[in-house]
Amino acid sequence: MKKILLSLFVIIGFSMNTNAQMWLTYKGGGGLATVGGSNGVQPGLAVFSGLGYKHQITKRLIAEGDVLFDIRALDYNTGYVDVDDNKIYNLGGGTYIQVPLTIQYMIPFKKKELVPYRVGQPTSYWFIEGGPYLSYGTAVNIYVDSTIVKNWSDQDNDIPESDLVGNTIDMGITTGLGINFSIRDGKSRLIVGTRTNLGLLDIYRDSRLGSATNLSIVGYLALDFSLTKRKHIKHRW
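This write-up is about the structure you can find in this document. Just so it is clear, the structure is predicted and the values come from calculations on it, not from any experiment.

The rules behind these values
- Residue indices follow the written sequence of each chain, beginning from 1 at its first position.
- For this predicted model, a pLDDT threshold of at least 70 governs which residues receive local features, and a threshold of 80 or more governs which side-chain atom pairs are given and counted, while totals over whole chains, interfaces and linings are taken from all residues.
- Computation of side-chain values covers all heavy atoms of the structure but excludes hydrogens and water.
- Strands here mean DSSP runs of E at least two residues long; helices mean DSSP runs of H or I at least four residues long; both are numbered from the N terminus.
- Partly exposed residues are those whose accessible area sits between 20% and 50% of the maximum for their type, while under 20% is buried and over 50% is exposed, using a 1.4 Å probe and protein chains only.
- The contact criterion used throughout is that any non-hydrogen atoms of two residues lie within 4.5 Å.
- Two strands are counted as paired when DSSP detects at least two bridges linking them.
- Helix axes are fitted to C-alpha atoms over the stretch in contact, other axes to C-alpha atoms as well, and angles between N-to-C directions run from 0 to 180 degrees.
- Here, the term nonpolar core denotes a set of buried Ala, Val, Leu, Ile, Met, Phe, Trp, Tyr and Cys residues that are joined through side-chain atoms within 4.5 Å.
- A carboxyl oxygen of Asp or Glu within 4 Å of a side-chain nitrogen of Lys or Arg is what we treat as a salt bridge.

## Details of the overall build of the chain
- From N to C terminus, the chain includes two helices and 10 strands.
- Listing the helices and strands of the chain from first to last along the sequence gives α-β-β-β-β-β-β-α-β-β-β-β.
- Taking all 237 residues of the chain together, the buried fraction comes to 38%.
- The contacts in the chain between residues at least 6 apart in sequence include a share of 70% that link residues at least 24 apart.

This is the structure in structure tokens:
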């Protein structure tokens with residue numbers, strides 16, 4: 001996590017010495033949180049917000065790095081029922097600090113707004129994006145079936161106490177799409193978008209307890225604040 005944050009700040013510092021367009025961005029939103037690979041999970045709520053930095057690297061490509069506070073709440077099916085034959089669920093999810101690094105591809109509403117050999121911003125455009133993310137869980141809730149723990153203990157194959165809590169590190173892939181609008185004469189931009197975050201690491205530390213990977217589908221609003229004054233920057237090639 002520290003290495004990724006340090007790399008992000010180094011990129012920002014280097015970018016300030018270049019002619020590319022740059023933005024500070026704030027985004028927030030929410031949607032659906034669930035896990036893949038675990039049966040009987042009831043999806044819940046995902047809410048996130050945070051700051052990011054954008055750097056235009058070509059006419060159509062923008063690099064973005066975010067630091068987001070990501071909260072997820074869902075219910076794990078315990079496999080048990082109450083006296084009224086209702087399924088009993090256990091609260092799961094967690095709170096993460098998520099750092100996605102994505103590349104956005106711009107699709108302008110009016111193609112002529114992209115001046116040849118210049119890096120510029122059209123009035124409005126669609127975009128698709130994708131890239132990796134790294135998350136650190138400040139609080140991760142999983143369901144641990146005490147019966148399973150006891151069965152392995154009875155076989156003299158104890159599950160360590162340290163494995164009865166969820167993994168704090170999660171890595172995965174972020175993909176998304178959205179619309180970007182110019183406001184305040186191009187000094188700021190409004191973004192309406194959606195993202196899918198697919199975790200690749202198992203939440204459980206011991207496979208004997210089960211298996212699950214993070215998954216969220218969210219919508220968001222974002223505001224970009226320009227760090228540069230130029231609307232178009234001409235390159236020498």
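## Some remarks on the environment of Tyr89
- With respect to the element layout, Tyr89 can be found in strand β4 (residues 87-108).
- On the basis of relative accessibility, which here comes to 28%, the residue Tyr89 falls in the partly exposed class.
- Residues Tyr89 and Asp75 lie 14 residues apart in sequence; the distance between their C-alpha atoms is 5.6 Å.

## Some remarks on the environment of Val47
- Turning to its location among the elements, Val47 is positioned in strand β2 (residues 42-56).
- Measuring from C-alpha to C-alpha, the distance between Val47 and Gly29 comes to 5.9 Å, with 18 residues separating the pair along the chain.

## A word on the sheet that holds β4
- Strands sit in the order β1-β2-β3-β4-β6-β7-β8-β9 around a closed barrel of eight strands; the barrel is antiparallel. Ignoring strand direction, the axes of neighbouring strands in this sheet form an average angle of 20°.
- The sheet contact formed by strand β6 (residues 124-141) and strand β7 (residues 169-183) spans 13 bridges and is antiparallel. Counterpart to Glu129 in the pairing with β7 is Gly176.

## Things to note about the nonpolar core
- Val35, Tyr76, Ile203 and Tyr204 are the most contacted members of the largest nonpolar core, which has 26 residues in total.
- Looking at this core, the elements that each hand over two or more residues are β1 (22-36), β2, β3 (61-81), β4, β6 and β9 (213-226).
- No other element matches β3, which puts four residues into this core.

## A look at unusual backbone geometry
- You will see that Asp156, though not glycine, has its phi angle at about 55°, which is positive.
- Structurally, Asp156 can be placed in the loop between α2 (146-154) and β7.

## Side note on the pattern of salt bridges
- Across all of its chains, the model carries nine salt bridges by this definition.
- Note that Lys54 and Asp224 form a salt bridge whose closest N and O atoms lie 2.9 Å from each other. Here Lys54, found in strand β2, pairs with Asp224, found in strand β9; they are 170 residues apart in sequence, far enough to count as distant. For the residue pair Lys54 and Asp224, the accessibility class agrees, reading buried in each case.
- Each of Lys27, Glu64, Asp66, Glu129 and Arg195 takes part in salt bridges that share partners, so that together they form one network.

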